Amino acid sequence: MKLPHFMPLRFYNTLTQQVQEFAPAHDNTVRMYTCGPTVYDFAHIGNFRTFTFVDILRKTLRANGFGLNHVMNITDVDDKIIRNAAAQGKTIEDYTATYIQAFLDDCATLRLERPERLTPATQHIDDMAAAIARLGEGSHTYNSEGSIYFRIATFPQYGKLSHNDFGGILAGARVDVDEYEKADARDFALWKAPKPGEHFWEEPIGPGRPGWHIECSVMAIKYLGETLDIHAGGVDLIFPHHENEIAQSESLTGKPFSRFWLHAEFLMVEGQKMSKSLGNYLTLRDVLARGYEPEAIRYLLESVPYRKTLNFTFDGLKSAVTSIERLRNFKLRLETDRYPEGVQERMTARTAAASQAFTDGLNDDLNTAEALAAVFEYVRDANSAMDTGEFRAGDVAGALELLKRFDSIFDVLQPGAKGGQLQDAEVERLIAERTAAKKARNFAAADRIREQLLEQGIVLEDTKSGVRWKRK
Ligand code: AMP
Ligand code: ZN
């Protein structure tokens, strides 16, 4: 008998611009770092496209027999967070707690596995300050008006990830807000001078707060060592964020920061990136409130290979619902129908071929479309074999096994929580948050919470004895 020969696992590496065979550098464990959410608001489903890609990546690595040591940061300090927390009279911790919890809840709803370590930036401020001091000893930094900047001219390889040639335009220029950096190739802030009334940390390098880029370098090296196997995120992070991470990390260690760099393309809405700033976004909760199952969103996000943009439409979401139905119906038919005894050899071969095509698709740079096509073509063939009596009782186990393998990656066959049902405790928590926002005279935030609850069918009534609520 011919043994199946699976294609080796390959990824497109942004650094080399090539598809390369992947295996971890040391032992069997993949050391992987992915950039996590900035917790100043609810994550939108564009963000979750990237986090879902990371989940598929994890599961495919595991299916290839590798162990995982995956670290993801939570960016719980940045300009917006500090500004919003100050405006609401809250500590950073109090302000971000809501959104961290929401992120974790949403990940669970979408069945995204927890990384081996999920770690907030604010627990590593001392490490960051120490790393900045070391960069200073190596003459990679300069101080200006209380802030510390990375001098890109000291890292000649700058641009190697984004394949940009920055020759000539870098010297001397600088800006001090992360938002602005995205538009320009300039020196970037490692440590930002405190602004009046806003939170800062007192460190040997001076009072201030860390820039966004240094947090990832510091946490990645601390937990995973000087050279990672994989670093991943959305394409918008290639420049400047990941380019800056490389500059800092390699200036600190003298070693390559990551062997593979993987980047997920955007979720788009009518030709534009889904983003907070464009206002064209939907949170997971928004979509669930319209009655869709979380699995439908998960499926939609998975169905387009991660290096292609994915245009979000409700029609697309409806076809995701139909696709899941087809698979669930097939599974039900396997489990409940009675078939003639024996094995149909043609079917055994068909199952093996589908299984191989499924694995080959995923191993081909996570080509989820190819993997799904393998399963759906199989389901079509098996269904017609069932209709003509050619599917036998002995073929059931192989078919179920294939569905199990499919679901160990795509994870949509088991119906989960029904969409749109906020738990009572969650409602109470949001109401308490709204009351606190009103007290702090932040009426915009209070209104947003009321609207958010309304979207989920919860009506609030302000009475003398407090807030009452009911489901519409
Ligand atoms: P943020 O919370 O803004 O730091 O983003 C979290 C992750 O979501 C990052 O990896 C981003 O690259 C990614 N991301 C942001 N917008 C989109 C989008 N429209 N489609 C896919 N990924 C996105
Ligand atoms: Zn990062």
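Being a predicted model, the structure only gives us computed values, none of them experimental.

Conventions adopted
- Every chain's residues receive numbers from 1 upward, in the order its sequence appears when written.
- Written order determines the labels here, with chains lettered from A and ligands numbered from 1.
- This being a predicted model, a pLDDT of at least 70 is required before a residue's local features are given, and a value of 80 or more before pairs of side-chain atoms are given or counted; all residues contribute to the totals for chains, interfaces and linings.
- Think of the side-chain values as coming from all heavy atoms in the structure, minus any hydrogens and water.
- Starting at the N terminus, helices and strands are each numbered in turn, a helix being any DSSP run of H or I of at least four residues and a strand any DSSP run of E of at least two.
- Here a residue-residue contact requires only that any non-hydrogen atoms of the pair lie within 4.5 Å.
- In this listing, donors mean N, O and S atoms no farther than 2.8 Å from the metal, or 3.2 Å for Na, K and Ca; water is missing from the atoms, so a site can look incomplete.
- Metal sites are grouped by the angles between bound donors: all angles between 85 and 135 degrees with four donors is tetrahedral, opposite donors over 155 degrees apart with the others between 65 and 115 is square planar for four donors and octahedral for six, and any other pattern is irregular.
- Only protein chains enter the calculation, and the probe is 1.4 Å; a residue is then buried if its accessible area is under 20% of its type maximum, exposed if over 50%, and partly exposed in between.
- One heavy atom suffices: a residue is near a molecule or strand as soon as one of its heavy atoms comes within 4 Å of it.
- For the purposes of these results, a polar contact is taken to be a pair of N or O atoms within 3.5 Å, where, inside protein, one atom must be able to donate a hydrogen and its partner to accept one; residues adjacent in sequence count only when each atom of the pair is a side-chain atom.
- The method behind every accessible area is Shrake-Rupley, applied with a 1.4 Å probe, and residues are considered shielded solely by the protein chains displayed.
- Multiplying 1.5 Å by the helix residue count minus one yields the expected span of that helix.
- Think of the arc as the fan of directions from the helix axis to the C-beta atoms.
- Here, any two strands with at least 2 DSSP bridges between them count as paired.
- The angle between two axes is taken between their N-to-C directions and runs from 0 to 180 degrees, where each axis is a line fitted to C-alpha atoms and a helix contributes only its stretch in contact.

Participant: What should I look at first to understand the side chain of Thr34 in this one?
Facilitator: Tracing the backbone shows Thr34 in strand β3 (residues 29–34). The residues contacting Thr34, other than those within four sequence positions of it, are Val54, His70, Val71, Met72, Asn73 and Ala232.

Participant: What's the story with the coordination of the zinc ion (ligand 2) in this structure? I'm lost.
Facilitator: Put simply, the ideal angle at a metal is 109.5 degrees for four donors in tetrahedral geometry and 90 or 180 degrees for six donors in octahedral geometry. For the zinc ion (ligand 2), the protein coordination sphere consists of Cys35 (SG), Cys216 (SG), His241 (NE2) and Glu245 (OE), at 2.1 to 2.5 Å. Taken together, the four donor atoms coordinating the zinc ion (ligand 2) and their angles of 73 to 132° define a geometry best described as irregular. Mapped onto the sequence, the residues coordinating the zinc ion (ligand 2) show the spacing C-x180-C-x24-H-x3-E. With Cys216 in helix α6 (residues 212–224) and His241 in helix α7 (residues 238–253), the pair connects residues that are 25 residues apart, well separated along the chain. Summarising the burial analysis for this pair, Cys216 and His241 share the class buried.

Participant: For this particular structure, what's the right way to read the site of ligand 1?
Facilitator: In the vicinity of ligand 1 there are 16 residues, among which Gly46, Thr50, Asp236, Leu267 and Met274 approach most closely. Contact distances for ligand 1 include 3.1 Å between an oxygen atom and a side-chain N or O atom of Asn47. Between ligand 1 and Thr50 there is a distance of 2.7 Å, counted from a nitrogen atom to a side-chain nitrogen or oxygen. Considering ligand 1 on its own, with 490 Å² of exposed area, one finds that the protein chains cover 89% of that surface. Element by element, the count of residues in the shell around ligand 1 is highest for helix α1 (residues 45–63), at four residues.

Participant: How should I be thinking about helix α4 (residues 125–137) in this particular structure?
Facilitator: Structurally, the α-helix is built with 3.6 residues per turn, so residues lying three or four positions apart point the same way. For α4, with 13 residues, the first-to-last C-alpha span of 19 Å sits near the 18 Å given by 1.5 Å per residue. Of all the residues in α4, the buried ones are Ile125, Met128, Ala129, Ala131, Ile132 and Leu135. End-on view of α4: buried residues confined to an arc of 160°, all on one side of the axis. Of the exposed residues in α4, the ones pointing more than 90 degrees away from its buried face are Asp126 and Glu137.

Participant: Before we go on, may I ask you to explain the sheet that holds strand β9 (residues 201–203) in this structure?
Facilitator: Two pairing modes exist for strands in a sheet, parallel and antiparallel, and in both the strands are linked by backbone hydrogen bonds. In spatial order, the strands read β6-β7-β8-β10-β9; together these five strands make up an open sheet with antiparallel pairing. Strands at the two margins of the open sheet, each flanked by one partner only, are β6 (141–144) and β9. Sheet twist, expressed as the average angle between the axes of neighbouring strands with direction ignored, equals 45°. Of the pairings in the sheet, the one linking β9 to strand β10 (residues 206–210) comprises three bridges and is antiparallel in character. Pairing of Glu203 across the sheet is with Gly206, part of β10.

Participant: What am I meant to see in the environment of Leu453 here?
Facilitator: Along the chain, the position of Leu453 falls in helix α15 (residues 443–455). Each C-alpha atom, one on Leu453 and one on Trp469, is 9.8 Å from the other, the two residues being 16 residues apart in sequence.

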